[in-house]
Amino acid sequence: MNEMTKMPVTKPAGGKTNQNSTLKSETPARIEGVCVYCGSGKGLDPAYTIAARKLGKTLADNGIRLIYGGGSLGLMGEVARAALGAGGKVTGIIPEFLGNREHMLKDIDELIVVENMHVRKQLMFDRADAFVALPGGVGTLEELVEQLTWSQLGRHSKPIVVANINGFWNPFLNLLDHMKAETFIRAGLDVHFSVVDTAEEILPTIFGKAAPTSESKEQEVIHRF
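None of the values given here were measured: they were computed from a predicted structure. (Residues numbered from 1 in each chain as written. Predicted model: local features only at pLDDT ≥ 70, side-chain atom pairs only at ≥ 80, totals over all residues. Heavy atoms only, no water.)

1. Looking at the pairing of strand β2 (residues 33-37)
Right, so step 1: Of all five residues in β2, five are buried; the element is thus mostly enclosed.
Right, so step 2: Burial along β2 is two-sided: the face carrying Gly33, Cys35 and Tyr37 and the face carrying Val34 and Val36 are both buried.
Right, so step 3: Handedness of the β-α-β unit built from β2, helix α2 (residues 46-61) and strand β3 (residues 65-68) comes out right-handed.
Right, so step 4: Pairing of β2 with strand β6 (residues 130-133), which is carried by four bridges, proceeds in the parallel orientation. (Buried < 20%, exposed > 50% of the residue type's maximum accessible area, 1.4 Å probe, protein only. Helix = DSSP H or I, 4+ residues; strand = E, 2+ residues; numbered from the N terminus. Right-handed = clockwise from strand over helix to strand, strands pointing away. Pairing = 2+ DSSP bridges.)

The structure is reproduced here in structure tokens:
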């Protein structure tokens, strides 16, 4: 590991002081870092591990930095080690209290230890140009939903990809359909994300969605509420 940093909790990541300044309004045309949300366990289906390894290697092969939760266990460890093994750059961001539980992966080139989950998620957002959700548990679900919510509210336009490996995310996707049918997700306030079935589809999908968008989108969304 080349660098280990402790981030204070006194202000949001990046030294910004309010919510309006911490969330970017435009999608960058160039993808330099991808944040991957995934489980600290491996799950029962070996396909999840295979997908995590393929994604880590693909990011490294394309010169894209992996940004993830900093642990060495489960799918988190698999995607990080695969990226490192292929010569990639990896940033791990982990709260101090999870250091022992999730076993910080100290072989990565940048490990950032923060004071709480809020700072962790904000810093992951700030560092990433796109987001990927591999299979995982409640924490993975919460992180994914937060990005979907921010996108729905027009707070960012970064690509979000749900990796539906062997149908893992089908229940969640069905729930979103149910919310839409019940008009809790209303017309004009759709949740914007892409769904892929294989690891090989993730990066091409991100590239396809990473087009610059107007800052006026946020105001357009606000007016729909």
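2. Brief notes about the nonpolar core
Right, so step 1: Core analysis: the largest hydrophobic core is formed by 37 residues, its most contacted members being Val34, Val36, Leu66, Ile202 and Ile206.
Right, so step 2: Once you skip the residues sitting within four places of it in the chain, Leu66 turns out to touch Val34, Val36, Leu59, Val79, Ala80, Ala83, Lys89, Val90 and Thr91.
Right, so step 3: Counting 23 residues, the second-largest nonpolar core is a separate cluster that includes Ile93, Leu123, Met124 and Leu144. (Core = buried A, V, L, I, M, F, W, Y, C linked by side-chain atoms within 4.5 Å. Contact = heavy atoms within 4.5 Å.)

3. A closer look at the pairing of strand β7 (residues 160-163)
Right, so step 1: The side-chain alternation of β7 yields two buried faces, one formed by Ile160 and Val162 and the other by Val161 and Ala163.
Right, so step 2: For β6 and β7, the ladder comprises three bridges, and the chain directions are parallel. If you follow Phe131 over to β7, its bridge partner there is Ile160.
Right, so step 3: Taking the sense of rotation as the criterion, the β-α-β connection linking β6, helix α5 (residues 138-152) and β7 turns out right-handed.
Right, so step 4: Note that β7 and strand β8 (residues 194-196) share three bridges and pair parallel. Each bridged residue has a counterpart across the sheet, and for Ala163 the counterpart in β8 is Val196.
Right, so step 5: After leaving β7, the chain enters helix α6 (residues 170-181) and then returns to the sheet as β8, a path that is right-handed.

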